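# What the coordinates show
Now for the letters of each chain:
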Amino acid sequence: MRRSPRPQLGPVATACVLAAVMLAGAGCQKVLFPSDLPRNQFETHDRMRQRYVPLEEPDVFGRPQPALRARLSQPEE
């Protein structure tokens, strides 16, 4: 009884495996937009003039909720 040879990975399959490994390794980079930096130029302007309103505030149970009322109210001058 003669055994058939084991199929070898072709150059295309090897390139696909290598590309998948490289993409998986590239995903382990630092965060593109850190949460502690300002989101836009308006937030920077508000921080410089001590008018910054946080994006979230805790509700009565301590869970973070959007701070809509504080962000939509008119600034007191």
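Residues numbered from 1 in each chain as written. Predicted model: local features only at pLDDT ≥ 70, side-chain atom pairs only at ≥ 80, totals over all residues. Heavy atoms only, no water.

### Focus: the overall build of the protein
Selection rule: Runs of E in the DSSP output that reach at least two residues are strands. Runs of H or I that reach at least four are helices, and both are numbered from the N terminus. The classification of residues rests on relative accessible area computed with a 1.4 Å probe and restricted to protein chains. Under 20% of the type maximum is buried, over 50% is exposed, and intermediate values are partly exposed.
Looking only at helices and strands, the protein features three helices and two strands. When burial is assessed residue by residue, the protein has 3% of its 77 residues classed as buried.

### A short note on the side chain of Glu43
Selection criterion: Residue contacts follow a heavy-atom distance rule, with two residues in contact if any of their heavy atoms lie within 4.5 Å.
Position of Glu43 among the secondary structure elements: in helix 2 (residues 41-48). Not counting the four nearest positions on each side in its chain, Glu43 is found in contact with Pro38 and Tyr52.

### A short note on the pattern of salt bridges
Heads up, the condition is: Here, a salt bridge means any Lys or Arg side-chain nitrogen found within 4 Å of an Asp or Glu carboxyl oxygen.
Per the counting criterion, the structure on display carries two salt bridges. Linking Arg47 and Glu43 is a salt bridge whose minimum nitrogen-to-oxygen distance equals 3.0 Å. Here Arg47 pairs with Glu43, and both are found in helix 2, just four residues apart, close to one helical turn. Across the pair Asp59 and Arg63 runs a salt bridge whose closest N-O atoms are separated by 3.5 Å. For Asp59, a relative accessible area of 23% gives the class partly exposed. The exposure class assigned to Arg63 is partly exposed, which follows from its relative accessible area of 48%.

### Describing helix 1 (residues 11-26)
In an α-helix, one turn spans 3.6 residues, which is why side chains three or four residues apart end up on the same side. Defined as follows: The length a helix should cover is 1.5 Å for every residue beyond the first.
Counted at 1.5 Å a residue, the expected span for helix 1 with its 16 residues is 22 Å, and the 22 Å between its end C-alpha atoms agrees. Across the 16 residues that make up helix 1, only a small minority, zero, are buried.

### As for the confidence of the model for the protein
Test applied: Residue-level confidence of the predictor is what pLDDT reports, using numbers from 0 through 100.
Residues of the protein with pLDDT of at least 70 account for 84%, and the chain-wide mean is 82. Across the protein, the element-wise mean pLDDT spans from 83 in helix 1 up to 94 in strand 2 (residues 64-66).

### Structural notes on unusual backbone geometry
Located in the positive-phi region is Gln50, a residue other than glycine, with phi close to 55°. Relative to the helices and strands, Gln50 resides in the loop between helix 2 and strand 1 (56-58).

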